[in-house]
Each structure stands twice: as structure tokens, then as C-alpha cells.
Amino acid sequence: MPLSHDHIRTAVETYLAHHPHERPQLGGFLEALDREADIACRSTFSGHVTCGAIVVDHLGRVLHVLHLASGKVLAPGGHAEPKDESLAGVALRELHEETGIPPDAVAPWPGYEDVPFDVDIHDIDARPGKGEPGHQHFDVRFLFRVRTAAEVPVVLQEEEVGGIEWRPLDRVASPSLREKLMKLTPTVEPGASNASALIHNDRGEYLLHLRDYLPGQIWEPGMWSLLGGGREHQDTTLEQTVRRELAEEAGLDIPDLTPFGTEYATDAAGTAVPIAIYAGRWNGDPRELRLTEGVMLAWFAPADLHRLRIASTTSDLVRRHAASSPAGTPTEGLPVPAEETNTRAWQIYGRSQLARAYTPPVPDQLSWTSWEGVGPGAEVLGDIAGRRVLDIGSGAGHHAVHLARAHGARVTGIELSPTQHERAVSTHTGHDGVEFVQGDVADYLAGAEPFHAAYAIGTLAFIDPHRSLPALRDSLRPGAPLILSLLHTDLHGRGPSTEVAPREQMILLRDDPPLPTQMWVLAPHLWEDLLTEYGFRVEAIDVLKHPDENASVIQQLIRARRLPARPVRVSSRPRPPVAHAAVGVGAIIVSEQGLLLGRHHRGTIELPGGTVETGESFEAAAVRELGEETGLTARSEDVQLLGTLLDHVEGVLRVTVGALVHVWQGQPATQPNESIGEWAWYPLDQLPDGLFVCSAQILTAWRPDLNIDHTPAHFTPFAHGSQPSEPVDGLL
């Protein structure tokens, strides 16, 4: 029996009894409950109910999944179904379906057994391909905790979910959830949970604590151990526990603590006690620390642990971390990570400009280079009046202020360097439509509301693109432009790199020596590959040359767009080739009704086709696969080979031949024991989402005008009127 409006209203009113100040913002939800339209039905496009499961593990982390339909990282959840008996039941069912976590693996958070933890209304973009107009979701979220400290096994629903992530509370995707979770009272009584810090340095040594010799009073008396202790009532998470213990015991603050795992120790009563282990890097001198407990702190290499009086569980933990983590191996003499170098350089640069009291003027028009009159202006961002725009690496803030003043945009400038941020706020604080944030762009975007546009003028090349581009994809609305001005050729005439790796580039200062930085100065095709990989469509790449013909420096302006909120491509089927090369054929069948496509059981949409067998020609392979998969019959002489496509998948060379079948007989139908079925005809201007990458490559090689996104492949056309192909032997 479908969920009734009375059941839903009871849940919402119970929630509002705890949060009465939210009644105005939930007015649309309450009004929908008074209408006749069934808001438990997903086809009610005046607005309908969805439910989410907020799952917190024993480390205080919150489960997130990558929803392929929206391209966003969110809590597990989805629509109600007629069989659901309660809103909480919807949340648990979706949790199980999307992640494989069964309902009995979690328990309602104490105090939230019968009341939602959060209720949110958000807009959903129209999906014309599925006949869905824009509408609203009334999202009811329930809070659960994992019952055990052991790792929960996860089995993804690959058709809908692309991956999972356990996020700390301060990085929860939803702002309203994040605010409530940060105020949450821990469910564990003081002393019932423990956390320790596995601290290592760049020399591959580990910081150990020699405990007091107090037999019968403390654990491991007179032994070397890790810093840490038990959870107290004020600790919302075990990360807060370990940070508090580090501060109290040694005055230590480790910025980059990350969960490493859970260990078990035996207390005086013989009970196994779980201990959350957090790893972090510190390069200080322990002799300078203010130790309030124990005898001393000292660095030890893993090879020296056998000399110490230390628990075997602790020494095994240290050795395991050293063996498995790059951060745990000796790193003396290795270069400083690229982004750390850049952070220091820009801090020095900002300090220099502050000392000069120099702030660039707000320009009359936006320029993507430092050369006046070269390239387009702000029009490449589209209509940004009243829209949220992100300025990446906003520096002194003058570009952000211009867009707010001249174009009515609401601009957020994110800047990592504290001194650069100080330059902006000291000059431009108070301007309407502009806010300046100091911090790392990826960390900031993890909790930010989606933006309508984003741009970077010369700054994105200082951030690892494998870190920045996914963060930007997740924080931009579908269809939002991303405009990047990037270095192509430097002052010395050195052109772009042909591999995705940083290189040294100098920042020039007026009165001081140049500052070394590490920049990703990449060839245009590499930027296009990266943007495509992370969910963008590159619309244009302009090469902007210096107006002085004798100057060698060149900028590249990349205009990209965040692809619609859908899985736009599938890199390969989830069955990796086992050979050194894989050779296949794809058949194009076109009728008056459109193009013939089928659905693979893993969810991809594909042309008929498959692997070429030993001794078989490409034409014969196309005819055989067509018959086996669709039931259609054709002759080899009616097959026209288009050419070969070459790409690599997981280190395997993939060769795909496109084949256009001119004449065939029969009606396509799902065949028994075949992986692909549900054959249907699609008009060429209405092709479905989720095309298998080989099919997408074949179709754009055949018809370059088709608007299909896919990873690049090298295409070599066959000569027109060429003879039938020879049989293929020795494919492996």
C-alpha cells in the first residue's frame, strides 16, 4: 500500500516539533500534502517525496555515494515505491539497494527512532529525454549509526551508483545536514571508545610515547605506545577525541589527520576494546613539546622497534603503515609536494604585494590575459546576472568585483594564500555581490552550494587537475560553463608538456628574486582529455598570443561546460580484457525509424557487435554478431567497413572497427543467453544517454555532427571502395 499523506504529514509535523523555525521554509511541502496529488508517487511533478539514509560509522564519518543520475555526491536515498510501508523504510531500502548494506547492519540514532533528522526541499532539473519536467524533491532524511566497529562491506548498485565515500562531519555535502550533525550528541558513553594517533615524519620515522610505570593503574605501563586516549562527553567524533588527546598530552596539532583503521587492544578485564587509528605527518622535534603525561616522546624507525618494550599490536601497526603507505616510507631528499611549493610561493608573493601596498585596479572589462585587447571578455561566461559564479584563485579580488559591478553576478572568490586573501578583503570588503573565502578550493567546494559558472585566470595550473576537476564537476550545475585561462608557452619559449605532470615555473617579482612554483603546463589535448574524463565537454580552445610578435609567451583559453547531470559515458564494460589487445567490431543499422541500439545487462547502451574471432574477417564478425544478438540476418558483401579506432583501456590496446550494414532482414529482438537486448530504434537527434564508449566512438567517426560525448580515440578511415578484409589471426 503506497505511503499515505497522513503518514507523511505525521513525520513532518514530528520533525517540525523539534525544529519549529523551519516551518516557513517547508511551507511548499505542507501545501503539497493538502493537495490531492499523491506526493509519494515519483510521477507527481508538482513535487514528490524522496528519502535519504544518513549513516554514521564508529569513526564519526558519514556515508556518501556518487549518484550517477545527478552526478553529485550525496547520502544514499531515492524515491518511494508502492511496497514501502514507512518513510524510514524507504531510506533503509535505498541504502540496501545502492550500497548493499542491509537494514540490520545499522540502527536508528538514539533519540531519532521515530523522527526525521532533516527535511529539505530542493529543485530538480528537467530531463527532456525521459519526459520529466523540472520539479521539486521533498527529501526526508533519517539518521542511522553502524552497529559494529568492523568495516561494513559495500556492494554498489552499479546502474545508479558510481562509488562511495565516508566523509568527516565537516565535509558532509548538504549544508543543513552538516550543521545539524556538527551539533549532534555522541551516542557512546565516555571511556567506551578510544582513538590513537599514528604520527610519522618525512624520514619514515614514527613518534612513540614512553608511558609511566604505574602497574595496575594504566594500560601498557612502562611501554612505548601511540599518543591517544578515551572519548569524552564533549567529543562528537573520534577524530575530535584524538585531536583533544594530542593537544592535552603534548600540545600537538596535526592538520592532516586521516583515518587509517581500527585496532583492538585487551584491557585489564580481558575485553577486546576497539581503538580508532588516525595517521598524520609531523616533522617537529619532540624534545620541544610540552609533555603532560608519560616520560618522553621520541622518533623511531620501524626497523628499530624490536629494541623497544612495545606491544606487538603497536609494532605490527607501525610496520603495516610503513609498508602500505607512501607517507610511511623514508622520504629524506625527496622534493616538497608540488602544491605545498605553490602555497608557499603565493604566500610570499602576497606578502610582497602587501608590503608594496599595491592592489590592481578593478578593470572596465574582463581580460583572460594580462595583455589588453587580446581575446574575448566576460561574454564567454554567458548570462551571469544574479547567478552564483566561482572565481578560482581570486588573488587580489579585482576580477570578482568587476563581474559583480558590471554584470550583476554573485561572485565567490576562493583563495588558498592567506596573504592574497588579505589583499582582497582589505580593499574590497563590503562590495555587494562579492564574498572572499580563504581556503583550499577542493575542500571548500565539498560543502558549497552549486555554482552557475566558474572561471580561473592563470591559477588552475597550480593545482593538481586530478584533484581540482572532480571537485569542480561536483560543485557546478549541469550545463554550467567552466572557463580556464592557462599558460601554454612561457617567456623562454618552452611549450606545453605532453604528460600530466607539474614542472617548475617562476613567478617574477619586481624587487625580489623569482619564486619557484610547480605548474601543470599541459598541451591543449591533455586538458581536453582531463576535462572529458571528469565530466565536462570542451567547446573551444583558443590560443592567445602576445600582441608583441617578438614575445614567445602564449596563453590558452579553454571553454568547457559541465555535462548534464547524468552518466555521460562508460569507459568500458566491467569485464576487463585479459589479452594484450582486444579487437572488436560494431555494426551500424539505420532504418526510417532511426538507429538500432540495445541495452547491455550492466546498463550501457550499445550497437550490435562484439569480439572478432580468430580466422574471421571484420565483415563476417559484424554479420555473426548481428545475428547472435538481434536475430537480424545480413551478408558480408552488404557490410561497409568505416575504419579503425584505437584507444587504451586498463593498459590494453583496444582496436574497434566500425561497420555500416546496408541491407538486412528480420526484426530485432532480444536473443536468449545474450548480454545485450531490449533492442529499439532511436532517431539520430534523440540518442539516449549512457552510450558504451566504443559505440559512441564508432558513431562519431561515422557522423561527426552527432552530439555524443566520449573519451578520445584515434580513427583511421578505410579507403573508399576497399576490398573485403582478410581474416584476422593471432589476435592475442
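Our subject in this report is the structure included herewith. Being a predicted model, the structure only gives us computed values, none of them experimental.

Comments concerning helix H1 (residues 5-18)
Then, in step 1: For H1, spanning 14 residues, the distance from its first C-alpha to its last is 20 Å, which sits close to the expected 20 Å at 1.5 Å a residue.
Then, in step 2: Among the residues of H1, those classed as buried are His5, Ile8, Ala11, Val12, Tyr15 and Leu16. Taken around the axis of H1, the buried residues stretch over an arc of 135 degrees, which confines them to a single face. What points out from H1, more than 90 degrees from its buried face, is the exposed set Asp6, Thr10, Ala17 and His18.
Then, in step 3: Contact partners of the buried residues in H1: helix H2 (27-34), strand S1 (48-56), helix H3 (87-99), strand S6 (118-124) and helix H4 (175-182).

Here we look at the packing of helix H11 (residues 465-475) against helix H12 (residues 524-533)
Then, in step 1: Their axes nearest at 9 Å, the elements H11 and H12 cross at an angle of 45 degrees. Considering the angle they form, H11 stands oblique to H12. Considering how the two elements wind past one another, H11 and H12 form a crossing that is right-handed. Residues Pro465, His466 and Leu469 of H11 touch H12, and the partners they reach there are Trp527, Leu530, Leu531 and Glu533.

Brief notes about the pairing of strand S9 (residues 194-200)
Then, in step 1: The buried count for S9 comes to seven of seven residues, which makes it a mostly enclosed element.
Then, in step 2: Neither face of S9 is left uncovered, since the one carrying Asn194, Ser196, Leu198 and His200 and the one carrying Ala195, Ala197 and Ile199 both have all their residues buried.
Then, in step 3: Relative to strand S12 (residues 227-230), S9 is paired through four bridges, and the arrangement is antiparallel. Bridging from a neighbouring strand, Asn194 pairs with Gly230 of S12.

Looking at a nonpolar patch on the surface
Then, in step 1: A grouping of Leu491, Met506 and Leu508 is seen on the molecular surface, where their side chains present a nonpolar patch of about 330 Å² in accessible area.
Then, in step 2: Note on placement: Leu508 falls in the loop between strand S21 (503-507) and strand S22 (515-519).

Focus: the sheet that holds strand S17 (residues 410-415)
Then, in step 1: Judged by pairing direction, the sheet is mixed, and its seven strands sit side by side in the order S18-S17-S16-S19-S20-S24-S23 without closing on themselves. Every other strand in the sheet has two partners, leaving strand S18 (434-438) and strand S23 (536-545) as the edge strands with one partner each. In this sheet, neighbouring strand axes are inclined to one another by 20 degrees on average, regardless of whether the strands run parallel or antiparallel.
Then, in step 2: As defined by bridge partners, strand S16 (residues 388-392) adjoins strand S19 (residues 453-457) across three bridges and the pair is classed as parallel. Within the sheet, the bridge partner assigned to Leu390 lies in S19 and is Ala454.
Then, in step 3: The strands that helix H8 (residues 398-407) touches are S16, S17, S18 and S19; relative to S18, the one it contacts most, it runs at about 155 degrees.
Then, in step 4: Here H11 sits on the sheet and contacts S16, S19, strand S20 (481-489), S23 and strand S24 (554-562); the angle it forms with S23, its principal contact strand, is near 125 degrees.

Things to note about the packing of aromatic side chains
Then, in step 1: Inspection of the entire model under this criterion finds six aromatic pairs.
Then, in step 2: Considering the side-chain rings of Tyr112 and Phe117, the 5.1 Å spacing of their centres and the 75 degrees angle between planes classify their relative orientation as edge-to-face.
Then, in step 3: With a centroid separation of 4.9 Å and an interplanar angle of 75 degrees, the aromatic rings of Trp224 and Phe300 are classed as edge-to-face. One end of the pair, Trp224, is in strand S11 (residues 224-225); the other, Phe300, is in strand S15 (residues 296-300), with 76 residues separating them in the sequence.
Then, in step 4: Under the relative-accessibility criterion, Trp224 is labelled buried at 9%.
Then, in step 5: Exposure remark for Phe300: the relative accessible area of 16% places this residue in the buried category.
Then, in step 6: Against the face of Phe451 rests Arg388, its NZ or CZ located 4.0 Å from the ring centre.
Then, in step 7: Stacked on the ring of Trp702, the Lys or Arg Arg703 has its end atom at 5.7 Å from the ring centre.

Rules and cut-offs
- Residues numbered from 1 in each chain as written.
- Predicted model: local features only at pLDDT ≥ 70, side-chain atom pairs only at ≥ 80, totals over all residues.
- Heavy atoms only, no water.
- Helix = DSSP H or I, 4+ residues; strand = E, 2+ residues; numbered from the N terminus.
- Expected span 1.5 Å × (residues − 1).
- Buried < 20%, exposed > 50% of the residue type's maximum accessible area, 1.4 Å probe, protein only.
- Arc of directions from axis to C-beta.
- Contact = heavy atoms within 4.5 Å.
- Axes fitted to C-alpha atoms, helices over the stretch in contact; angles between N-to-C directions.
- Parallel < 35°, antiparallel > 145°, perpendicular 65-115°, else oblique.
- Left-handed = near helix turned anticlockwise from the far one by under 90°.
- Pairing = 2+ DSSP bridges.
- Patch = residues over 30% accessible without salt bridge, like charges linked within 9 Å, V, L, I, M, F, W, Y side chains within 5 Å.
- Areas by Shrake-Rupley, 256 points an atom, 1.4 Å probe, with all protein chains shown as cover.
- Salt bridge = Lys/Arg side-chain N within 4 Å of Asp/Glu carboxyl O.
- Phe/Tyr/Trp six-rings, centres within 6.5 Å; stacked < 30°, edge-to-face > 60°.
- Lys NZ or Arg CZ within 6 Å of the ring centre and 35° of its normal.

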